[in-house]
Amino acid sequence: MQIIFEYHDVNSSTYLENFVTEKLNDLEEKYDFVHRADVFFKKENTSSDETGLICNIRLSMPGPRLFAEATHSNFQSSITESINELERQLRKRKEKMVN
């Protein structure tokens, strides 16, 4: 799977890229029809300390693209929530493909 990273108002991080790559590779093992992921890291000024670091992930595959976004106080939580949401969407997509 090809993974493309983009950073908006955030410094690039090898740690975050490795963390996302590991999680996306786990998804790719279960759902081999996914061929590309675009990962966006953004920092947003918010009044809450529990939000502001955003992770968007867009998956490309046959058919419509899947998209998930999460915002938390740290990128790891945002990444994990986005991946979990994408897994739910992929599970539904695969069930439709089997039927």
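Computed from a predicted structure; not experimentally measured. (Residues numbered from 1 in each chain as written. Predicted model: local features only at pLDDT ≥ 70, side-chain atom pairs only at ≥ 80, totals over all residues. Heavy atoms only, no water.)

On to helix α1 (residues 14-30). Relative to the 24 Å expected for 17 residues at 1.5 Å per residue, α1 spans 25 Å between its end C-alpha atoms, a close match to the ideal helical length. Of the surrounding secondary structure, the elements contacted by the buried residues of α1 are β1 (2-8), β2 (36-43), β3 (53-60) and α2 (75-98). The N-capping residue of α1, defined by a side-chain oxygen 3.4 Å from the backbone nitrogen of Tyr15, is Ser13. (Helix = DSSP H or I, 4+ residues; strand = E, 2+ residues; numbered from the N terminus. Expected span 1.5 Å × (residues − 1). Contact = heavy atoms within 4.5 Å. Polar contact = N/O pair within 3.5 Å; in protein donor to acceptor, adjacent residues only side chain to side chain.)

Reading across from one edge, β1-β2-β3-β4 is the order of the 4 strands in this open sheet, with mixed pairing throughout. Each edge of the sheet is formed by a strand with only one pairing partner; in this case those strands are β1 and β4 (66-72). With strand direction ignored, the average angle separating the axes of adjacent strands in the sheet is 15°. As paired strands, β1 and β2 are joined by 7 bridges and run parallel to one another. What sits directly across from Gln2, in β2, is Arg36. Its contacts with the sheet place α2 against β2, β3 and β4, and it is angled at close to 155° to β4. (Pairing = 2+ DSSP bridges. Axes fitted to C-alpha atoms, helices over the stretch in contact; angles between N-to-C directions.)

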